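Tertiary structure, described
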Protein chains: 2
Amino acid sequence: MFNKTIGYALRAVIYLAVKRNHDGNISLSEIAGSLKVPIHYIGKILQSLAKNGLILSFKGPNGGFKASEKTLEATVFDIIVAIDGAAPFTVCSLGLSTCNNEQPCPIHFDVVRQREEIKGNLSKRTILQLAETYETASIYTLS
Amino acid sequence: MFNKTIGYALRAVIYLAVKRNHDGNISLSEIAGSLKVPIHYIGKILQSLAKNGLILSFKGPNGGFKASEKTLEATVFDIIVAIDGAAPFTVCSLGLSTCNNEQPCPIHFDVVRQREEIKGNLSKRTILQLAETYETASIYTLS
DNA sequence: AATATAAAAGACAAACATATCCTTTTTAAA
DNA sequence: TTTAAAAAGGATATGTTTGTCTTTTATATT
């Protein structure tokens with residue numbers, strides 16, 4: 001599983017994408033309330049997504065967050081990298097700091113191959129597509 | 001990446017597999033020293049692998065640990081499950097406790113498919129094969 | 001300009017994972 | 001039967017992640 005922060009981030013951006021045609025902004029309290037997640041915690045996450053340009057944020061009265069074109073076009077992979085960085089996809093799975101193609105750990109090439117597959121899968125679907133999936137049938141849930 | 005404990009566990013069982021034809025046991029201090037990992041911490045990990053029947057352990061003078069047939073036939077997947085349980089491969093990637101085939105999160109079916117691939121990959125190679133890989137060329141490293 | 005609203009930012013706290021230490025138990029060898 | 005080696009087990013410490021609270025900054029409205 002992804003970690004908790006990634007899970008919250010993905011749910012939040014999908015939520016914003018679902019509300020993409022709403023006038024005005026979506027407030028932090030609405031997001032936290034709808035997703036049933038701790039408001040301050042999700043606030044930090046949205047803050048860092050905004051810093052990375054993956055969502056829009058506005059201060060002041062009627063402020064809040066909003067999906068942009070970039071949000072809708074972003075993939076699950078993009079969100080993960082924005083939050084955790086690329087390290088999880090590059091460091092040695094056995095924790096060896098010296099491990100690389102020249103001095104590989106015994107599972108190095110397996111791991112490299114598998115990571116390419118995973119990256120491919122995580123990049124296949126955009127946030128907009130996931131929002132649309134959510135909209136197609138009432139069985140889908142975000143909370 | 002796997003977590004630190006999994007990394008230590010895999011390196012230790014591969015190390016034991018490399019020493020599979022040694023007479024007698026491999027002591028904890030030898031393992032910790034060779035792999036350059038904290039001795040007490042790796043001790044606990046080996047202890048739990050022994051409890052799960054994945055390696056042999058012997059107390060007393062000349063005691064230590066040893067690879068068994070089960071060790072050599074085990075896969076990376078088996079080691080991970082022995083340490084962390086199956087939860088990482090079954091719980092919702094977005095952290096939703098209700099998520100299942102009937103009430104899926106938007107990425108549920110993607111995740112299920114990808115996990116099958118990952119499980120397949122992690123089950124493809126045995127510890128013995130990884131030890132043999134290590135033995136084939138001096139470029140491979142365990143520490 | 002003053003006020004109210006809402007996110008940003010930073011400080012703090014709790015929970016969990018990681019790591020170490022110390023004592024006990026087991027057992028082989030002298 | 002005594003001794004010493006080595007793992008087992010329990011208790012504790014450290015560090016990192018996760019989560020909360022408070023203050024600051026920005027901005028729309030009056």
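Residues numbered from 1 in each chain as written. Chains lettered and ligands numbered in written order. Predicted model: local features only at pLDDT ≥ 70, side-chain atom pairs only at ≥ 80, totals over all residues. Heavy atoms only, no water.

Peptide bonds are mostly trans, and most non-glycine residues show a negative phi. Residues and elements named next belong to chain B. Non-glycine residue lysine 36 carries a positive phi angle of around 55 degrees. Inspection of the secondary structure puts lysine 36 in the loop between α2 (28–35) and α3 (39–51). Phi is positive for asparagine 62, close to 65 degrees, though the residue is something other than glycine. The topology assignment puts asparagine 62 in the loop between β1 (56–58) and β2 (64–66). (Helix = DSSP H or I, 4+ residues; strand = E, 2+ residues; numbered from the N terminus.)

A few words on the nonpolar core. Of all hydrophobic cores here, the largest spans 89 residues; its most connected members are Ile31 and Leu49 of chain A together with Ile31 and Leu49 of chain B. Beyond its immediate chain neighbours, meaning those up to four positions away, leucine 49 of chain B contacts Ala9, Val13, Leu54, Ile55, Ile79, Ala82 and Ile83 of chain B. (Core = buried A, V, L, I, M, F, W, Y, C linked by side-chain atoms within 4.5 Å. Buried < 20%, exposed > 50% of the residue type's maximum accessible area, 1.4 Å probe, protein only. Contact = heavy atoms within 4.5 Å.)

For the pair chain B and chain A, the superposition axis carries a translation of 0.0 Å, the fit reaches an RMSD of 0.1 Å, and the rotation angle comes to 180 degrees. The operation mapping one copy onto its partner corresponds to a two-fold rotation axis. When the interface residues of chain B are mapped onto chain A, 100% of them again fall at the interface, so both copies present the same face. (Least-squares fit on C-alpha atoms with pLDDT ≥ 70 in both.)

Moving on to the pattern of salt bridges. Across all of its chains, the model carries 10 salt bridges over all chains by this definition. A salt bridge links aspartate 110 of chain A to arginine 113 of chain A; the shortest N-O distance between them is 3.7 Å. You can see aspartate 110 of chain A and its partner arginine 113 of chain A sitting in helix α6 (residues 108–122), 3 residues apart, about one turn around the helix. Residue class for aspartate 110 of chain A comes out partly exposed when judged on its relative accessible area of 21%. The class for arginine 113 of chain A is partly exposed, based on a relative accessible area of 49%. Here lysine 119 of chain B makes a salt bridge to glutamate 116 of chain B, at a shortest N to O gap of 3.7 Å. (Salt bridge = Lys/Arg side-chain N within 4 Å of Asp/Glu carboxyl O.)

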